[in-house]
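# Analysis of the macromolecular model
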Amino acid sequence: MSTIPEKWKWFPEARFGLFIHWGPYAALERGEQVLFREHLDQREYAQRACAWNPRGFDARAWARVAREAGMRYAVMTTRHHDGYCLWDTAATDYSSAARAPGRDFIGEYLEAFRAEGLRVGLYYSLADWRIPAYWEGPEHDPSGFAAFRDTVHAQVRELLSNYGKIDVIWFDGAWPHSAAQWRAHELVEMMRALQPDILINNRLGKVDAADRVAGGPIAEGVGHSASLGDFGTPEHHITAEPGRLWESCQVSTWRLWGYARGERWRPADVLLDMLVEAASKGGNLLLNVGPDGDGVLPPEFVTRAAAIGDWLRVHGEAIYGSEPGEVCEFVTRGRSVARGNCLYLIIRFWDGRDSLTLAGLDTPVRAATLLTTGQALEFVQEGDDLTLLGLPAAPPTDLFPVIRLECAGPPRPADWAADRLWQGDPRRMTAWARAGS
Ligand code: GLC
């Protein structure tokens, strides 16, 4: 995508960010939506939230883990659907600044992450489950909803006025109200005025048909808008959004975004594979962690993050600033990512053979290197086949070994290899089939 404005180029370059879901729900240890899912008593939940005092929170410790994981930015919940605010807001005293902690957690987060050289983002839930007018909506409570919406706009203004440069704003919880009902266009205008470089995600409410950009390539999901927002946010899946920046958000556990006791953790290779898959398709991965009720990152996350960071220190050139690289069929062995004239073969399955054949690469290869060890590889390129030789029997890393192919130009597929079986015109294979009959 050569049309990315200069001010946003850092985003695809970064490829890997940390999503942080944290709030008083962490102390209940049943995920970020326990209030709704268990239909808890609002008053009792609020009492617990006001008494919540996570003394173990150390933003610098979080920031170090993120940097060492090779993450280049972070997005943290400023408030989730329960309405509790993690910053010093004038709009309500239901906040970490006004209640037990007496601290501005968001201010601490921003300072610590910037100090580690990361870009910073803020997640903000439009929804607030404590507010009857949110549920009633503008149809049933026009003045109540208008007042609630004004508070939302005022809080966004605060967040984007009081904390210096914010790189990303990440909305959520627009459902069931539309962009028009949230006055999202006004919100966008205000945000652009306050933070001209900010990236805004695409969850500002459904854009009504009349409002929609005609023929836009982006499918709308619930609460997602096609024409508002600078990047797409596929959630729990990794799907390219042609024509715009996108970032897949994923949990590092099996289920929830907020801390939950008894959670299962995806292994490091599965987490890394999500990053590699996103990069191979031209997008980012925003990998989530739910710190515990005391503000500590679960050790299961820290060890996985460190393993990915170790891998990125050796293989980062295949990820940062990479381009979509599914040039030819490589699914049998792994995924591929491109960058300039290089094609990176990221090998998920090391089979111990001393050679590997890649079929369908049209561009001449000048050099091949096993990036993991630095070993130069012999190779033979004949017609559409490239065979790499002299591979070690044992996998050179517990995670994914990477082979870098330096090509004579940007890697391109041979004609027949340009499409997968289920894409394109199947008749292009007729001659191939006929040759055997
Ligand atoms: C979903 C969940 C919400 C979470 C968000 C992250 O919308 O309902 O709890 O914050 O995903 O993308």
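Residues numbered from 1 in each chain as written. Predicted model: local features only at pLDDT ≥ 70, side-chain atom pairs only at ≥ 80, totals over all residues. Heavy atoms only, no water.

Attention now moves to the overall build of the protein chain. Along its length, the protein chain carries 11 helices and 16 strands. Taking 22 Å as the expected radius of gyration for a compact globule of 437 residues, we find that the protein chain reaches 24 Å, a close match to that expectation. The buried share among the 437 residues of the protein chain stands at 53%. A separation threshold of at least 6 residues defines the contact pool for the protein chain, and within that pool the share at least 24 residues apart is 69%. Carbon and sulfur atoms make up 51% of the accessible area of the protein chain, which totals about 19000 Å². When the 46 positive and 58 negative side-chain charges of the protein chain are each reduced to one mean point, those points stand 0 Å apart. (Helix = DSSP H or I, 4+ residues; strand = E, 2+ residues; numbered from the N terminus. Rg over C-alpha atoms; globule rule 2.2 N^0.38 Å. Buried < 20%, exposed > 50% of the residue type's maximum accessible area, 1.4 Å probe, protein only. Contact = heavy atoms within 4.5 Å. Areas by Shrake-Rupley, 256 points an atom, 1.4 Å probe, with all protein chains shown as cover. Lys, Arg positive; Asp, Glu negative; His and termini not counted. Charge placed at Lys NZ, Arg CZ, Asp CG, Glu CD.)

For the ligand, the set of nearby residues contains 13 residues, the closest of which are H21, E32, Q33, H80 and E235. For the ligand, an oxygen atom lies 2.6 Å from a polar atom in the side chain of E32. Between the ligand and E235 there is a distance of 2.9 Å, counted from an oxygen atom to a side-chain nitrogen or oxygen. When the free accessible area of the ligand is taken as 310 Å², the share hidden by the protein chains comes to 86%. (Near = heavy atom within 4 Å. Polar contact = N/O pair within 3.5 Å; in protein donor to acceptor, adjacent residues only side chain to side chain.)

In this structure, W22, F113, F171, M191 and W311 are the most contacted members of the largest nonpolar core, which totals 97 residues. Looking at which domains feed residues into this core, each of domain 1 (6-318) and domain 2 (325-432) supplies at least three. Once residues lying within four places of it in the same chain are set aside, the contact partners of F113 are L18, I20, A59, W62, A63, A66, A74, L118 and V120. (Core = buried A, V, L, I, M, F, W, Y, C linked by side-chain atoms within 4.5 Å. Domains from an automatic or database assignment.)

Looking now at the side chain of H153. Take H153: it is sitting in helix 7 (residues 142-161). Classification of H153 by relative accessible area gives buried; the value is 14%. Among residues more than four places away in sequence, those in contact with H153 are W182, R183, E186, L187 and M190.

Take unusual backbone geometry next. Residue P176 follows W175 across a cis peptide bond; omega there is 5 degrees. With respect to the helices and strands, the residue P176 is situated in the loop between strand 4 (168-172) and helix 8 (184-194). Notably, R183 is not glycine yet its phi reads approximately 50 degrees, a positive angle. Mapping R183 onto the fold places it in the loop between strand 4 and helix 8. By relative accessible area, which is 40% here, R183 ends up partly exposed.

Attention now moves to the packing of helix 7 against helix 8. At a closest axis distance of 10 Å, the pairing of helix 7 and helix 8 adopts a crossing angle of 15 degrees. If you check the angle between helix 7 and helix 8, you find them roughly parallel. Relative to helix 8, the crossing made by helix 7 is right-handed. Facing H153, V156, R157, L160 and S161 of helix 7, the residues of helix 8 in contact are E186, L187, M190, M191 and L194. (Axes fitted to C-alpha atoms, helices over the stretch in contact; angles between N-to-C directions. Parallel < 35°, antiparallel > 145°, perpendicular 65-115°, else oblique. Left-handed = near helix turned anticlockwise from the far one by under 90°.)

The subject of this paragraph is the pattern of salt bridges. For the structure on display, the rule yields 30 salt bridges. Here D93 ties to R99 by a salt bridge, and the two come within 3.2 Å at their closest N and O atoms. Here R428 makes a salt bridge to D419, at a shortest N to O gap of 3.8 Å. (Salt bridge = Lys/Arg side-chain N within 4 Å of Asp/Glu carboxyl O.)

The subject of this paragraph is the pairing of strand 3 (residues 119-125). For strand 3, the tally of buried residues reaches 6 of 7 residues, placing the bulk of the element in the interior. Sheet analysis places strand 2 (residues 73-79) next to strand 3, joined by 6 bridges and oriented parallel. Among the inter-strand pairings, T77 is bridged to a residue of strand 3, identified as Y123. Read as a crossover between parallel neighbours, the route from strand 2 over helix 5 (residues 105-115) to strand 3 is right-handed. In this structure, strand 3 lies alongside strand 4, joined through 5 bridges in parallel fashion. Its bridge partner being in strand 4, Y123 is matched across the sheet by W170. (Pairing = 2+ DSSP bridges. Right-handed = clockwise from strand over helix to strand, strands pointing away.)

Attention now goes to the packing of aromatic side chains. One pass over the full model with this rule turns up 27 aromatic pairs. Seen from their ring centres, Y109 and F113 are 4.8 Å apart, and the 55 degrees between their planes marks the pair as tilted. Of this pair, Y109 and F113 both sit in helix 5, 4 residues apart, roughly one helical turn. What makes F113 buried here is its relative accessible area of 0%. Taken together through their ring pairs, the aromatic side chains of W22, W52, F57, W62, Y84, Y94 and F105 make up a single cluster. Sitting over the ring of Y320, R72 keeps its end group 3.5 Å from the ring centre. (Phe/Tyr/Trp six-rings, centres within 6.5 Å; stacked < 30°, edge-to-face > 60°. Lys NZ or Arg CZ within 6 Å of the ring centre and 35° of its normal.)

Quick look at the environment of I169 now. Mapped onto the elements, I169 comes out in strand 4. Take I169: its relative accessible area is 0%, and that puts it in the buried class. Not counting chain neighbours up to four residues away, the residues in contact with I169 comprise L122, L160, M191, I198, L199, I200 and N201.

Structurally, the position occupied by G424 is in the loop between strand 16 (402-407) and helix 11 (430-434). Measuring from C-alpha to C-alpha, the distance between G424 and P132 comes to 51 Å, with 292 residues separating the pair along the chain.

Attention now goes to the domain arrangement of the protein chain. Along its sequence, the protein chain is carved into domain 1 (6-318) and domain 2 (325-432). Using only C-alpha atoms to locate each centre, domain 1 and domain 2 end up separated by 37 Å. Tallying the contact residues gives 15 residues for domain 1 and 16 residues for domain 2. Carbon and sulfur atoms supply 63% of the area that domain 1 and domain 2 bury against each other, a total of about 1500 Å² over both sides. The interface formed by domain 1 and domain 2 holds 8 residue pairs in polar contact (both at pLDDT 80 or more) in total. When contributions to the side of domain 1 that touches domain 2 are tallied by element, the ones reaching two or more residues are helix 9 (268-280) and helix 10 (299-315). Here the side of domain 1 that touches domain 2 takes 8 residues from helix 9, the largest share from any one element. (Buried area = accessible area lost by both parts, 1.4 Å probe.)

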